[in-house]
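Structure at a glance
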Amino acid sequence: MGQAYRLEHQIQLLDAIKSNNSIALKGLYIANYPKVEALVLKNSGTVAHAKDIYQEAFITVWQHVKNDKFVPQNDTALQGYLYRIAKNKWIDVLRSKAFKNSKLLNIEALKVIKNDDIENDDFEDKKLKITMDAFKNLGEPCKSLLRQFYFDKKSMQDIANELKLDPASTRNKKYRCVKKLRELALKINI
Amino acid sequence: MNPNINISQKLLETVEQYLNKTLDADKLKAFEDRLKNDLEFKTQVEDIKTMLLGIEAQSLKETLDDFHKETKTAPHNITKRKTATNKSLWNFGKFAAAAAIIIAVGSIWFFSHSPNQNLYAKYFKPDPGLPTTMSSTDNYDFYDAMVNYKRGDYALAIDKWQTLLTQKPENDTLNYFIGVAHLANKNETEAIPFLERSVLSEDAFPLISDAYHYLGLAYLKDGNLTLAKKNFELSQSEASKQIIIELND
């Protein structure tokens, strides 16, 4: 019964993540960061490295959850998965030439953390990175509208009320913003 | 993304419905059939999916920085898992390597700077700390504080080491690190007594040269040139030797 309950809990967590529920995302983020920070600090990294690696891993996990690439096996499956992805990403950094050149690499550290050979989960493909970059640089009115609709999952009616527009105009505005984003992404791509 | 492919508002909204699983059965079937058979349509849908994912991913990324402000640091976890063992507490095997790194870093750093009047500012660089490895099960409290020290949380590191010092008041390594943490925390007056105790070590203290070096720096900053010189002279480090030359100039 316990196992079933815990799995149910994981599934609820995955559903909350899929809908970008900020309480679930924040809880997951805060609870799992210390372990990753400890890993990075003890293996030649700094706090800044830890934050970057963790956030990258967090976004990868979120993507996998959204795409149903991740299926929980037990009650802490997602947490373990997040840690493993962060760890793999940190191994990649340690292995990278740039890092080796810039730091006095503690080879022992690399040996310690390289103890399991999980496939490299780098799903942030170039296209996605370009779109993220384009969205980052999109003007604020469009950015805010798209964020509210696609990330915060607000209804078109609520957004229209806030913008003091009717829903049809808001829909048009949203479409124009997506087009603008696409143009920006295409420019970056070139 | 293909710049030659146009995306209409209708298509955008249909893809949204498809992703949200709100397409009714007939439309879903037609949509999936077209995905299978129409390559251009498939590309359009993929482009839209990437864009919508990009919007969400970047929004999430920007949210994560807010979450980050509420994270606790690693040592909280480590403390929970602490093992109460005191054996081989002060194993200096790794310390010699650390000393070598300190000297190397110090030398590189020294030679990359040109002389100026503010000797302290020129020569002071915080001790990089000791390597903390994941396999350390002994001596958790000491390395726990070392993690704080390396993060730049000098005050927290000092607090934790002070607790250990009450059990081992004469310990050279503890006194040394509390001293250098005070110095890194811009508190040379506090640093001096600890560094003084560290150089009184009766054992072969591998960091002795560094201890004299930092003690010299602490006195230099404190304005006591005589004691600064005395300690630089006792240090074997290259940086100390160079400071003496500059002080004598």
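Residues numbered from 1 in each chain as written. Chains lettered and ligands numbered in written order. Predicted model: local features only at pLDDT ≥ 70, side-chain atom pairs only at ≥ 80, totals over all residues. Heavy atoms only, no water.

In the nomenclature of an unreviewed UniProt entry, chain B corresponds to Tetratricopeptide repeat protein from the organism Hwangdonia lutea.

If you check an unreviewed UniProt entry, chain A appears there as Sigma-70 family RNA polymerase sigma factor from Hwangdonia lutea. Here is the UniProt Sequence similarities (unreviewed entry) comment for chain A, exactly as written: "Belongs to the sigma-70 factor family. ECF subfamily." (UniProt positions renumbered as here; feature names shortened; annotations may be inferred.)

1. A few points about the nonpolar core
Formed by 44 residues in total, the largest nonpolar core has its most connected members in B:Phe142, B:Trp161, B:Tyr176, B:Phe177 and B:Leu217. Of all elements in the fold, only helix H6 (119-123), helix H7 (140-151), helix H8 (154-167), helix H9 (172-184), helix H10 (188-199), helix H11 (208-222), helix H12 (225-234) and helix H13 (238-248) of chain B reach the threshold of two or more residues within this core. If we skip the residues at most four places from it in the chain, B:Leu217 touches B:Tyr120, B:Tyr123, B:Phe124, B:Leu183, B:Phe232 and B:Ile243. Within the second largest apolar cluster, 39 residues are counted, among which are A:Ala24, A:Met132, A:Phe151 and B:Leu60. (Core = buried A, V, L, I, M, F, W, Y, C linked by side-chain atoms within 4.5 Å. Buried < 20%, exposed > 50% of the residue type's maximum accessible area, 1.4 Å probe, protein only. Helix = DSSP H or I, 4+ residues; strand = E, 2+ residues; numbered from the N terminus. Contact = heavy atoms within 4.5 Å.)

2. Observations regarding the packing of aromatic side chains
All names here are of chain B. Under the counting rule described, the total for this entry stands at 21 aromatic pairs over all chains. Here Phe31 and Phe41 contribute two aromatic rings whose centre-to-centre distance is 5.3 Å and whose plane-to-plane angle is 75°, an arrangement assigned as edge-to-face. A residue pair is termed long-range when its members are at least 10 positions apart, and Phe31 in helix H2 (residues 25-37) and Phe41 in helix H3 (residues 39-68) qualify at ten residues. Assessed through its relative accessible area of 4%, Phe41 is described here as buried. When the ring of Tyr149 is compared with that of Trp161, the centres are 5.9 Å apart and the planes differ by 45°; the resulting orientation is tilted. Separated by twelve residues along the polypeptide, Tyr149 in helix H7 and Trp161 in helix H8 bring together distant segments of the chain. We note that Tyr149, like Trp161, is buried. Each member of the aromatic cluster is reached from another via a ring pair, and the members are Tyr120, Phe124, Phe142, Tyr143, Tyr149, Tyr154, Trp161, Tyr176, Phe177, Phe205 and Tyr214. (Phe/Tyr/Trp six-rings, centres within 6.5 Å; stacked < 30°, edge-to-face > 60°.)

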